[in-house]
Amino acid sequence: QVQLVESGGGLVQAGDSLRLSCAVSGRTFGWYTMGWFRRDQEKEREFVAAVSMSGIRTIYADSVKGRFTISRENAKNMVYLQMSSLKPEDTATYYCAVRTVASLSSKPDDYDYWGQGTQVTVSS
């Protein structure tokens, strides 16, 4: 079983930067694609970013392109989401997830393991 724990969330002002971290532990076989999603209140989870096993290929939601950067350090079992120029609409609970297939996806159903989430609140 794979365990994921997000951290780094908090309360920031619009325009600030924040880096979220995701620590992966347990069985890592098939640990290919990593993704970040977010959910605000009762809304459905929305895709934020994904990164390939190598860390080279990435995809982003249009709403965060140019502002967010996803990366990973496999040797440290860590995945990151660097967020800059934060906006109030970025406020949400952010989740990291594992997809045990070596292809990028923006669909929540394509991911197999999920963390508990970390809250990001951006004030105006």
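Below you will find a few notes about this structure. For clarity, every value in this text was computed on a predicted model and none was experimentally measured. (Residues numbered from 1 in each chain as written. Predicted model: local features only at pLDDT ≥ 70, side-chain atom pairs only at ≥ 80, totals over all residues. Heavy atoms only, no water.)

## Remarks on the packing of aromatic side chains
This structure, assessed with the given rule, holds 4 aromatic pairs. Arranged with centres 5.6 Å apart and planes meeting at 70°, the rings of F37 and F47 form a pair that is edge-to-face. In this pair, F37 is assigned in strand 4 (residues 33-39) and F47 in strand 5 (residues 46-51), connecting sequence segments 10 residues apart. Note on accessibility: F37 and F47 belong to one class, buried. Relative to Y111, the ring of F37 lies with its centre 5.0 Å away and its plane at 80°, an arrangement referred to as edge-to-face. Of this pair, F37 sits in strand 4 while Y111 sits in the loop between strand 9 (92-99) and strand 10 (113-114); the two residues are 74 residues apart in sequence, bridging distant segments of the chain. Looking at F37, the relative accessible area reads 0%, which means it is buried. Assessed through its relative accessible area of 5%, Y111 is described here as buried. Taken together through their ring pairs, the aromatic side chains of F37, F47, Y111 and W114 make up a single cluster. (Phe/Tyr/Trp six-rings, centres within 6.5 Å; stacked < 30°, edge-to-face > 60°. Helix = DSSP H or I, 4+ residues; strand = E, 2+ residues; numbered from the N terminus. Buried < 20%, exposed > 50% of the residue type's maximum accessible area, 1.4 Å probe, protein only.)

## Remarks on unusual backbone geometry
Residue Q41 is not a glycine yet carries a positive backbone phi of 55°. Among the secondary structure elements, Q41 is positioned in the loop between strand 4 and strand 5. Judged by its relative accessible area of 68%, Q41 is exposed. Phi angles above zero are rare outside glycine, and N77 is one such case at about 55°. Mapped onto the fold, N77 is located in the loop between strand 7 (68-73) and strand 8 (78-83).

## Topic: the nonpolar core
W36, L81, M83 and Y94 are the most contacted members of the largest nonpolar core, which totals 31 residues. When sequence neighbours within four positions are dropped, the list of residues in contact with M83 reads D16, S17, L18, L20, R67, F68, Y94 and V120. (Core = buried A, V, L, I, M, F, W, Y, C linked by side-chain atoms within 4.5 Å. Contact = heavy atoms within 4.5 Å.)

## Considering the state of the cysteines
Scanning all chains against the criterion turns up 1 disulfide. The disulfide partner of C22 is C96, and the gap between their sulfur atoms is 2.0 Å. Between C22 and C96, the S-S torsion sits near 60°, and that sign places the bridge as right-handed. One end of the pair, C22, is in strand 3 (residues 18-26); the other, C96, is in strand 9, with 74 residues separating them in the sequence. Across the pair, C96 and C22 agree in class, each one buried. (Disulfide = S-S within 2.5 Å.)

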